[in-house]
Amino acid sequence: MENKNGKSKKLTGGMKLLFIVLALYFIVGIFNLQLAKEAAFSFFYMLLKIIPILFIVFIVMIGADIYFTKEKTGRFVGNESGIKGWIYAIISGILISGPPYILYPLLGNLKKRGMKNSLLAALLYNRNIKIPFIPVMIYYFSLKFTIVISVYIIIFSIFNGILVSVIVEKSLTKSL
Amino acid sequence: MQIKQSIKKTIQVFKTALPIMVGMLLLINLLNVFLKDYYSTVFTGNVLLDPFIGSLLGSVSFGIPVTSYIVGGELLLEGVSLLAVTAFIMAWTTVGLAMLPLEASFLGKRFALTRNIVNFIFSLIIAVLVIYTLKVF
């Protein structure tokens, strides 16, 4: 592939991955067209659902880029955040909707600006409590089960944050 | 000026993220369609082994949490233990093997790998604690 200046353009890792997966669909389609079709339909259905969320994330990321300066990120979810940081992480994890992979770019930006690993992990862990899906969980598993598992998720999100942060920082120190 | 810069930056982030996101979603849907008929067949009835299988199966599956509740509900009806199903739904929502490359590219390889391993272990611990708590209360 060549760009405007006639120089060859290298494919990014993401594009390579995409082409590999598309090739995989092609191969699966040769052996089992029905399975490939079903997977493709399911993918388009999922994509249609996430497009509006992606748009919201795009807007939020612009807003966060402007508002969350390094200093503000540090104060809310960085080294100086203290207990408040944990509370912000837990509540936002529960309240933010949409699949986690959509949030990775936004969280990546916040991490670059000083968000702590522990709070990142805690926020992501609390995304398991999905308020809109609670009635479905109650229907399948009972109210008691739903309450118990939700409480454990909140408690373990703190252990999770601490443990992930300790391991990541230790392995970083070791590699230096 | 600041807004223009932020929009440019965000577009750049999306340019990196979108091909990975689309690739991973395509892969996940292929895996899910392939796996859906095998969910109940992999459980053995062994009290110790089934939660582990549940966590493993939940780790390679992917989708909105509500899907895991529905699959979990069906597994219960087919006689799989609540312990194994709890491990399954916990791993489904907390461990994202398929999304690991995307998570690693934005949050760092060490972070993504550590978080997923810790979440896998926690899915088993929480499953045991939930069942124990339900028995006590």
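Residues numbered from 1 in each chain as written. Chains lettered and ligands numbered in written order. Predicted model: local features only at pLDDT ≥ 70, side-chain atom pairs only at ≥ 80, totals over all residues.

### Concerning the overall build of chain A
Now for step 1: Looking only at helices and strands, chain A has eight helices and zero strands in total.
Now for step 2: Traced from its N-terminal end to its C-terminal end, chain A shows the element sequence α-α-α-α-α-α-α-α.
Now for step 3: In terms of overall dimensions, chain A is more spread out than a globule: its C-alpha atoms have a radius of gyration of 21 Å, far above the 16 Å expected for 176 residues.
Now for step 4: For chain A, the spread of C-alpha atoms along the principal axes amounts to about 55 × 50 × 35 Å.
Now for step 5: Here chain A holds 176 residues, and 34% of them are scored as buried.
Now for step 6: Long-range contacts, defined here as pairs at least 24 residues apart, represent 78% of the contacts in chain A between residues at least 6 apart. (Helix = DSSP H or I, 4+ residues; strand = E, 2+ residues; numbered from the N terminus. Rg over C-alpha atoms; globule rule 2.2 N^0.38 Å. Buried ≥ 20, exposed ≤ 12 C-beta atoms within 10 Å, placed from the backbone. Contact = placed C-beta atoms within 7 Å.)

### Description of the overall build of chain B
Now for step 1: The helix and strand inventory of chain B stands at six helices and zero strands.
Now for step 2: Secondary structure elements of chain B occur, N-terminal to C-terminal, as α-α-α-α-α-α.
Now for step 3: The C-alpha radius of gyration of chain B comes to 18 Å, more than 25% above the 14 Å expected for a compact globule of 137 residues.
Now for step 4: Taking the principal axes of its C-alpha atoms as reference, chain B extends roughly 60 × 30 × 25 Å.
Now for step 5: Relative to its full complement of 137 residues, chain B shows a buried share of 47%.

### Overview of the interface of chain B and chain A
Now for step 1: Every contact between the two is made by 50 residues of chain B and, on the other side, 54 residues of chain A.
Now for step 2: For the side of chain B that touches chain A, the secondary-structure elements that each account for two or more residues are helix H1 (2–35), helix H3 (65–77), helix H4 (82–94), helix H5 (100–107) and helix H6 (109–136) of chain B.
Now for step 3: It is H1 of chain B that provides the largest number of residues to the side of chain B that touches chain A, a total of 23 residues.
Now for step 4: Here the side of chain B that touches chain A is composed, by residue class, of 31 nonpolar, 15 polar and four charged. (Nonpolar A, V, L, I, M, F, W, Y, C, P; charged D, E, K, R; others polar.)

### Focus: helix H2 (residues 33–67) of chain A
Now for step 1: Its 35 residues place the ends of H2 of chain A 49 Å apart at the C-alpha level, agreeing with the 51 Å of an ideal helix rising 1.5 Å per residue.
Now for step 2: Maximum bend of H2 of chain A: about 35°, positioned at Ile 50 of chain A, with proline Pro 52 of chain A one to four residues after it.
Now for step 3: The inward-facing, buried residues of H2 of chain A contact helix H5 (100–112) of chain A together with H1 of chain B. (Expected span 1.5 Å × (residues − 1). Bend = angle between axes of the 7 residues up to and from the residue.)

### A look at the domain arrangement of chain A
All names here are of chain A.
Now for step 1: Entries for chain A in the domain assignment read domain 1 (8–67) and domain 2 (71–176).
Now for step 2: On a C-alpha basis, the centres of domain 1 and domain 2 stand 25 Å from each other.
Now for step 3: Each partner contributes residues to the interface: domain 1 has nine residues there, and domain 2 has eight residues.
Now for step 4: The residue inventory of the side of domain 1 that touches domain 2, partitioned by class, reads eight nonpolar, no polar and one charged. (Domains from an automatic or database assignment.)

### Examining the nonpolar core
Now for step 1: Leu 107, Leu 119, Leu 120 and Ala 122 of chain A together with Met 24, Phe 88 and Leu 102 of chain B are the most contacted members of the largest nonpolar core, which has 77 residues in total.
Now for step 2: There are two domains that each give this core at least three residues, and those are domain 1 (8–67) and domain 2 (71–176) of chain A.
Now for step 3: Those residues in contact with Leu 119 of chain A that sit more than four places away from it in its chain are Val 77, Gly 85, Trp 86, Ala 89 and Gly 161 of chain A. (Core = buried A, V, L, I, M, F, W, Y, C linked by C-beta atoms within 7 Å.)

### Considerations on the environment of Gly 45 of chain B
Now for step 1: In this structure, Gly 45 of chain B sits in the loop between H1 and helix H2 (49–60).
Now for step 2: Taking the C-alpha atoms as reference points, Gly 45 of chain B and Val 85 of chain B, separated by 40 residues in sequence, lie 12 Å from one another.

### Re the packing of helix H6 (residues 117–125) of chain A against helix H8 (residues 143–175) of chain A
All names here are of chain A.
Now for step 1: Where H6 contacts H8, the axes come no closer than 7 Å and their chain directions differ by 145°. Considering the relative orientation of H6 and H8, their crossing is right-handed. Contact residues: H6 offers Asn 117, Ser 118, Leu 119, Ala 121, Ala 122 and Tyr 125, while H8 offers Ile 153, Phe 156, Ser 157, Ile 158, Asn 160, Gly 161, Ile 162, Val 164, Ser 165 and Val 168.
Now for step 2: Split into classes, the residues belonging to the contact of H6 with H8 amount to ten nonpolar, six polar and no charged. (Axes fitted to C-alpha atoms, helices over the stretch in contact; angles between N-to-C directions. Left-handed = near helix turned anticlockwise from the far one by under 90°.)

### Considering unusual backbone geometry
Residue and element names in this part refer to chain A.
Now for step 1: For Ser 142, which is not glycine, the phi dihedral falls at a positive 85°.
Now for step 2: When you line up the elements, Ser 142 lands in the loop between helix H7 (134–141) and H8.
Now for step 3: Using a count of 13 C-beta atoms within 10 Å as the deciding quantity, one classes Ser 142 as partly exposed.

### Quick word on the environment of Ala 84 of chain B
Residues and elements named next belong to chain B.
Now for step 1: Note on placement: Ala 84 falls in helix H4.
Now for step 2: Residue classification places Ala 84 among the buried positions, given that 27 C-beta atoms sit within 10 Å.
Now for step 3: Once the C-alpha coordinates of Ala 84 and Glu 74 are considered, the two residues, ten residues apart in sequence, prove to be 13 Å apart.
Now for step 4: In contact with Ala 84, not counting residues within four places along its chain, are Phe 43, Asp 50, Pro 51, Ile 53 and Gly 54.

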